[in-house]
Amino acid sequence: MLQAETAAGLSTDYDVSSDLTYQHGVVFFADISGFTKLTEKLAAQPNGAELLCCELDKVYARILSEVDRWGGDCIKFAGDAILFCWPIDAPEGTKEF
């Protein structure tokens, strides 16, 4: 249930564009190759879920470390997929939104 203030902010007469800011950037989507096969293999083991979590933690730790090192941000996790972004300066001559 939404609080009254939140619901009021979502009304149709609310101009959401006044709260938006725009930034140039690069968006990157990554998906773990072979994840479904690995999940199926580990599901047959009594501690398969724990093993899968450990593997995901290892992979994500390495990826997130590199993304952070290069100034990126993780936007979203979705199963074995990750969405990242890096802000960039607007190229010369680029029109503002």
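The structure under discussion appears in the preceding block.
Summarised in this report is the structure supplied together with it. On a predicted model such as this, the values are computed, not experimentally measured, just so you know. (Residues numbered from 1 in each chain as written. Predicted model: local features only at pLDDT ≥ 70, side-chain atom pairs only at ≥ 80, totals over all residues. Heavy atoms only, no water.)

## Re helix α3 (residues 48-69)
Convention followed: Only DSSP runs of H or I covering at least 4 residues are called helices, and only runs of E covering at least 2 are called strands; the numbering of each starts at the N terminus. Here, expected helix span is obtained from the residue count minus one, scaled by 1.5 Å. Burial classes: relative accessible area under 20% of the type maximum marks a residue as buried, over 50% as exposed, and values in between as partly exposed (1.4 Å probe, protein chains only). An arc is given here, and it is the one of the directions from the helix axis to the C-beta atoms. When checking whether two residues touch, look at their non-hydrogen atoms; a contact exists if any pair is within 4.5 Å.
Given a rise of 1.5 Å per residue, 22 residues ought to cover 32 Å, and the 32 Å separating the end C-alpha atoms of α3 matches this to within 8%. Every buried residue of α3 is listed here: Gly 48, Leu 52, Leu 56, Tyr 60 and Val 67. The buried residues of α3 occupy one face: seen down the axis, they fall within an arc of 70°. Residues of α3 that are exposed and point over 90 degrees away from its buried face: Asp 57, Lys 58, Arg 62, Asp 68 and Arg 69. Along its buried surface, α3 packs onto α2 (35-43), β2 (73-78) and β3 (81-87).

## Notes on the pattern of salt bridges
The test is simple: A side-chain nitrogen of Lys or Arg and a carboxyl oxygen of Asp or Glu constitute a salt bridge if their distance falls within 4 Å.
Overall, the coordinates contain two salt bridges when judged by the stated rule. Linking Glu 55 and Lys 58 is a salt bridge whose minimum nitrogen-to-oxygen distance equals 3.2 Å. With Glu 55 and Lys 58 both in helix α3 and three residues apart, this pair spans about one turn of that helix. On the basis of relative accessible area, Lys 58 is assigned to the exposed category, the value being 52%. One salt bridge connects Arg 69 with Glu 66, and the closest N-O pair in it is separated by 2.8 Å. Separated by three residues within a single helix, Arg 69 and Glu 66 lie in helix α3, roughly one turn from each other. Under the relative-accessibility criterion, Glu 66 is labelled partly exposed at 37%.

## Section: the sheet that holds β2
Operational definition: Strand pairing follows a simple DSSP-based rule, namely that at least 2 bridges must link the two strands. Here an angle of 0 to 180 degrees is reported between the N-to-C directions of two axes, which are lines fitted to C-alpha atoms, with helices fitted over the stretch in contact.
If you walk across this open sheet you meet the three strands as β1-β3-β2, and the pairing is antiparallel. The open sheet terminates on both sides in strands that have one partner only, identified here as β1 (25-31) and β2. Averaged over all pairs of adjacent strands, the angle between strand axes in this sheet comes to 15°, irrespective of strand direction. Its contacts with the sheet place α3 against β2 and β3, and it is angled at close to 10° to β3.

## A few points about the side chain of Asp 80
What counts is decided by this rule: Only four residue types enter the tally: Lys and Arg on the positive side, Asp and Glu on the negative side, with His and both chain ends excluded.
Position of Asp 80 relative to the elements: it lies in the loop between β2 and β3. For Asp 80, which is buried and forms no salt bridge, the nearest opposite charge comes from Lys 76, at a distance of 13 Å. Once residues lying within four places of it in the same chain are set aside, the contact partners of Asp 80 are Ala 30, Asp 31, Ile 32, Phe 35 and Tyr 60.

## Things to note about the packing of α2 against α3
Spelled out, the test is: The classification used treats Ala, Val, Leu, Ile, Met, Phe, Trp, Tyr, Cys and Pro as nonpolar, Asp, Glu, Lys and Arg as charged, and all other residues, Gly among them, as polar.
Here α2 crosses α3 at 145°, and the two axes come no closer than 8 Å. When α2 is examined against α3, the residues Phe 35, Leu 38, Thr 39 and Leu 42 are found in contact with a partner set consisting of Gly 48, Leu 51, Leu 52 and Leu 56. Class assignment for the residues of the contact of α2 with α3 results in six nonpolar, two polar and no charged.

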